[in-house]
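Results of the structural survey
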Amino acid sequence: MFHKTMTAIALAALAAGCGPGEGKVVVYSSEDRIFSEPVLKEFERRTGIRVVGVYDTEETKSAGLVNRLIAKKDNPDGDVFWSGDPARPIVLKSKGVLAPYISPSARDIPDRFKDKEGYWTGFSARTRVLLINTDLVKESDAPSSILDLTAPRWRGQVAIANPLFGTTSFHAAALFEALGEEKAKKWFHDLRANDCRIVASNGEVRRQVASGGVKIGLSDSDDASVAVLDKKPVRAIVPDQNDGQIGNLVMPNTVSLIQGCPHPENAKRLIDFLLTAEVEQMLAEAECAQSPLHPGVPIPPNVLSLDKVKPMAIDYHRTAMRLERIAGFLKTWTEGG
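Just so it is clear, the structure is predicted and the values come from calculations on it, not from any experiment.

Definitions and limits used
- Residues numbered from 1 in each chain as written.
- Predicted model: local features only at pLDDT ≥ 70, side-chain atom pairs only at ≥ 80, totals over all residues.
- Heavy atoms only, no water.
- Helix = DSSP H or I, 4+ residues; strand = E, 2+ residues; numbered from the N terminus.
- Rg over C-alpha atoms; globule rule 2.2 N^0.38 Å.
- Buried < 20%, exposed > 50% of the residue type's maximum accessible area, 1.4 Å probe, protein only.
- Core = buried A, V, L, I, M, F, W, Y, C linked by side-chain atoms within 4.5 Å.
- Contact = heavy atoms within 4.5 Å.
- Pairing = 2+ DSSP bridges.
- Expected span 1.5 Å × (residues − 1).
- Arc of directions from axis to C-beta.
- Axes fitted to C-alpha atoms, helices over the stretch in contact; angles between N-to-C directions.
- Parallel < 35°, antiparallel > 145°, perpendicular 65-115°, else oblique.
- Left-handed = near helix turned anticlockwise from the far one by under 90°.
- Nonpolar A, V, L, I, M, F, W, Y, C, P; charged D, E, K, R; others polar.
- Salt bridge = Lys/Arg side-chain N within 4 Å of Asp/Glu carboxyl O.
- Phe/Tyr/Trp six-rings, centres within 6.5 Å; stacked < 30°, edge-to-face > 60°.

All right, on to the overall build of the protein chain then. Along the protein chain, the regular secondary structure elements total 11 helices and 10 strands. The C-alpha radius of gyration of the protein chain comes to 20 Å, within 12% of the 20 Å expected for a compact globule of 337 residues. Counting only C-alpha atoms, the protein chain reaches 60 × 45 × 35 Å along its principal axes. Taking all 337 residues of the protein chain together, 56% fall into the buried category.

As structure tokens, this is what we get:
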């Protein structure tokens with residue numbers, strides 16, 4: 001019944017506007033192509049609107065697309081920005097790259113996952129996880145907090161993606177918000193002193209842990225899901241869930257309308273589609289196992305319900321603005337300074 005209802009809602013959203021086969025829509029997407037492309041193809045199949053995807057590399061996730069959107073602000077070639085986290089659209093909003101659009105499909109999405117002015121709207125969230133190699137770490141010995149990763153017992157056994165890019169950069173900014181600047185800098189310095197391995201991407205973190213190159217990796221829940229489904233010797237721990245711990249970062253995907261875009265009506269139709277509960281169900285059932293934000297969406301057994309997560313108490317806007325302020329520190333830290 002739920003699936004049929006959500007299908008009816010999605011189809012109603014798609015029925016408005018221009019007819020099938022009319023025009024195209026250009027989507028900038030920092031969500032992994034393997035996960036986003038099937039959703040975009042489904043929109044294309046239903047509407048006849050040709051979807052042109054512009055993707056970034058895994059190593060420069062988000063940063064490359066954001067810089068391109070800023071550079072093309074006065075003559076945009078894209079219509080929609082699908083971001084893997086809220087930080088990038090908040091930065092783009094501050095630079096006048098985005099336009100407001102409040103989609104009717106987002107009515108049931110909690111307000112904390114939406115920009116009140118409509119410049120971005122969240123859907124289908126991921127969390128940060130500690131990915132543990134089960135052949136190398138006993139369940140009783142696994143850390144419960146990311147703050148534990150600086151302990152001597154984990155020297156040389158922790159991998160983290162380059163914090164200048166993607167969700168790791170957003171997580172870094174969130175830690176500065178949650179811990180304060182002094183404690184956050186100390187944690188990063190202690191992590192470096194503990195010989196953590198800095199790799200190109202969260203996908204590489206997953207590969208390092210799965211192969212036994214390291215015992216623990218700090219990664220995203222979708223990467224953990226891929227490793228588990230591949231039957232690698234790994235398990236994911238949602239960190240910092242106990243009393244007195246800082247909670248864990250919840251990272252919704254977001255979708256935004258680009259200011260002055262060439263195909264605004266098609267862009268709004270796509271946004272309406274992406275924000276349906278049906279698309280959230282598609283992403284929950286996909287390999288990425290993302291957590292729905294709409295209430296009542298059926299969740300497969302392998303998907304984490306956000307009702308069971310103690311979230312990190314941060315403001316997304318302040319966290320995004322902090323990203324630019326800590327970029328110099330993160331660059332120095334990554335280079336070994």
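Turning next to the nonpolar core. One finds Leu270 and Leu274 to be the most contacted residues of the largest nonpolar core, which totals 88 residues. Tallying contributions element by element places helix 11 (residues 316–334) first for this core, with eight residues. Those residues in contact with Leu270, other than ones at most four positions away along the chain, are Val25, Val27, Leu40, Phe43 and Val80. Listed in part, the 12 residues of the second largest apolar core include Leu131, Ala159, Val205 and Val214.

Of the pairings in the sheet, the one linking strand 1 (residues 24–29) to strand 2 (residues 50–55) comprises six bridges and is parallel in character. Paired with Tyr28 across the strands is Val54, a residue of strand 2.

With that settled, the discussion passes to helix 6 (residues 181–193). Here helix 6 is 13 residues long and its end C-alpha atoms lie 18 Å apart, about the 18 Å a rise of 1.5 Å per residue gives. Those residues of helix 6 that sit buried are Ala184, Trp187, Phe188 and Leu191. Projected down its long axis, helix 6 shows its buried positions confined to an angular sector of 95°, all on one face. Opposite the packed face of helix 6, turned more than 90 degrees from it, sit the exposed residues Glu182, Lys186 and Ala193. The positive-phi residue at the C-terminal boundary of helix 6 is Asp195, with phi of around 60°.

Before going further, it helps to spend a moment on the packing of helix 2 (residues 33–47) against helix 9 (residues 264–274). As a packed pair, helix 2 and helix 9 sit with axes 11 Å apart at the nearest point and diverge in direction by 120°. The angle between the axes of helix 2 and helix 9 places the two elements in the oblique class. Pair helix 2 / helix 9 crosses with right-handed handedness. Residues Val39, Leu40, Glu42, Phe43, Arg46 and Thr47 of helix 2 form the contact with helix 9, whose own contacting residues are Asn266, Arg269, Leu270, Phe273 and Leu274. For the contact of helix 2 with helix 9, a count of residues per class yields six nonpolar, two polar and three charged.

As a further point, take the pattern of salt bridges. Counting across every chain of the model gives 23 salt bridges. By sharing partners, the salt bridges in this structure join Glu42, Arg45, Arg46 and Glu278 into a single network.

Take the packing of aromatic side chains next. Tallied over the full model, the rule gives nine aromatic pairs. A centroid spacing of 5.7 Å and a plane angle of 40° characterise the contact between Phe43 and Phe273, whose relative ring orientation is tilted. Placement of Phe43 in helix 2 and of Phe273 in helix 9 is noted, with a sequence separation of 230 residues between them. Judged by its relative accessible area of 0%, Phe273 falls in the buried class. Both rings, one in Phe188 and one in Phe329, keep their centres 6.0 Å apart while their planes meet at 80°; by these two values the pair is edge-to-face. With Phe188 in helix 6 and Phe329 in helix 11, the pair connects residues that are 141 residues apart, well separated along the chain. For Phe188, a relative accessible area of 2% puts it in the buried group. On the accessibility criterion, Phe329 (16% relative accessible area) is buried. Taken together, Phe176, Trp187, Phe188, Phe329 and Trp333 form an aromatic cluster joined through their ring pairs.

Summarising the element assignment, Asp222 is placed in helix 8 (residues 221–229). When the C-alpha positions of Asp222 and Pro143 are compared, they lie 20 Å apart, and in sequence the two are 79 residues distant. Ignoring sequence-local partners within four residues, the contact set of Asp222 consists of Glu31, Asp32, Phe35, Arg126, Glu287, Cys288 and Gln290.

The contact between helix 5 (residues 166–179) and helix 11 brings their axes to 8 Å, and the two run at 105°. The orientation of helix 5 with respect to helix 11, classified from their angle, is roughly perpendicular. Only Tyr316, Arg318, Thr319, Arg322, Leu323, Ile326, Phe329 and Leu330 of helix 11 make contact with helix 5, whose side of the interface consists of Ser169, Phe170, Ala172, Ala173, Ala174, Phe176 and Glu177. Class assignment of the residues belonging to the contact of helix 5 with helix 11 gives a composition of 10 nonpolar, two polar and three charged.

The next point concerns the pairing of strand 6 (residues 158–161). Every regular strand shows the same layout, with side chains that alternate between the two sheet faces. Residues of strand 6 alternate between two faces, with Val158 and Ile160 on one and Ala159 and Ala161 on the opposite face, all of them buried. Here strand 6 runs beside strand 8 (residues 216–220); their pairing, made up of three bridges, is parallel. Counted as the bridge partner of Val158 is Ile216 from strand 8. The pairing of strand 6 with strand 7 (residues 197–199) spans three bridges and is parallel. The partner of Ile160 across the bridge, within strand 7, is Ile198.

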